[in-house]
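Here's the letter readout for the chains.
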Amino acid sequence: MVPGLAHDLHVLITRLDRAADRILRAGFHLSYRRFLALLMLEQLGPATQRALAERLGTTEPSASRMVGVLADEGLIHVGPDPAGGNRRRVELTARGLRLVASCQERLEERFAALVNRSGVSYTDYARLTRQLLATTASEQETRGAA
């Protein structure tokens, strides 16, 4: 049996993730995984470690280790959560914000070049990808409400 679209998408995503990791390590000395944590914090704004872990789809201990490394590098600030309790609030520093913007720009340039080399319209690819993302988000919300 010939692998179908599901397999092809898995292979493509794996290759793109690995390429992103190489690009970011070479240009910014940052792993793609750490970049994703910073990107999620940019999207979330000040958030708890628990919220970051949920957004990354990882465990709280894993997010806690990541937060420690990123804080040591001066990319995020960690403090007590104003809501109290034993929670910690994390947010990007100015340096972290600049790094996220630079990494996003580099990855976007490289991905756009790849799409153009493939002969696929970047505009069409972006539109269809957003459409798939919206559909999957809608289906997840529907299942969560059921």
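In what follows, the structure referred to is the one given above.
Here's what I pulled together on the structure shown here. (Residues numbered from 1 in each chain as written. Predicted model: local features only at pLDDT ≥ 70, side-chain atom pairs only at ≥ 80, totals over all residues. Heavy atoms only, no water.)

Applying the stated criterion across every chain yields a total of two aromatic pairs. Between Y32 and F35, the ring centres sit 6.1 Å apart and the planes meet at 25°, which makes this aromatic pair stacked. Here Y32 and its partner F35 are both found in helix 2 (residues 32–44), three residues apart, which amounts to about one turn of the helix. Here F35 falls in the buried class, since its relative accessible area comes to 4%. Judged by centre distance (5.8 Å) and plane angle (55°), the rings of F111 and Y125 are tilted. (Phe/Tyr/Trp six-rings, centres within 6.5 Å; stacked < 30°, edge-to-face > 60°. Helix = DSSP H or I, 4+ residues; strand = E, 2+ residues; numbered from the N terminus. Buried < 20%, exposed > 50% of the residue type's maximum accessible area, 1.4 Å probe, protein only.)

Taken together, the two bridges between strand 1 (residues 47–48) and strand 3 (residues 88–92) define a ladder with antiparallel strand orientation. Across the sheet, T48 pairs through a bridge with R89, a residue of strand 3. Relative to strand 3, strand 2 (residues 76–80) is paired through five bridges, and the arrangement is antiparallel. In the sheet register, H77 faces strand 3, and the bridge partner there is E91. (Pairing = 2+ DSSP bridges.)

Here the focus is the environment of R130. Tracing the chain through its elements places R130 in helix 6 (residues 122–145). Residue classification places R130 among the exposed residues on the basis of a relative accessible area of 58%.

So, about helix 1 (residues 5–28). In this model helix 1 runs 33 Å from its N-terminal to its C-terminal C-alpha over 24 residues, within 8% of the 34 Å that 1.5 Å per residue would give. On its buried face, helix 1 is in contact with helix 2 and helix 5 (94–118). Phi for H29, located one or two positions after helix 1, is positive at around 55°. (Expected span 1.5 Å × (residues − 1). Contact = heavy atoms within 4.5 Å.)

Empty space among the atoms becomes apparent when a probe as large as a water molecule is rolled across them. Roughly 1,700 Å³ of internal volume is contained in the largest pocket. Lining the largest pocket are 34 residues, with L16, Y32, F111, Y125 and T129 sitting closest to its centre. For the lining of the largest pocket, the element with the most residues is helix 6, which contributes 11 residues. Here the residues of the lining of the largest pocket are counted per class, giving 23 nonpolar, five polar and six charged. (1 Å grid on protein atoms, 1.4 Å probe; cavity = no way out; pocket = protein on both sides within 12 Å on 5 of 7 lines; lining within 4 Å. Points joined across faces, edges and corners; volume = space filled by probe spheres on them. Nonpolar A, V, L, I, M, F, W, Y, C, P; charged D, E, K, R; others polar.)

What follows deals with the packing of helix 2 against helix 4 (residues 60–72). Pairs of packed helices are described in terms of their axes, by the angle between the two and the distance that separates them. Contact geometry of helix 2 with helix 4 gives a least axis separation of 11 Å together with a crossing angle of 90°. What the angle tells us is that helix 2 and helix 4 run roughly perpendicular. Each of R33, R34, A37 and L38 in helix 2 lies in contact with helix 4, whose residues at this interface are S62, M66, V69 and L70. Tallied by class, the residues present in the contact of helix 2 with helix 4 amount to five nonpolar, one polar and two charged. (Axes fitted to C-alpha atoms, helices over the stretch in contact; angles between N-to-C directions. Parallel < 35°, antiparallel > 145°, perpendicular 65-115°, else oblique.)

Read these as spatial facts, not as claims about activity.
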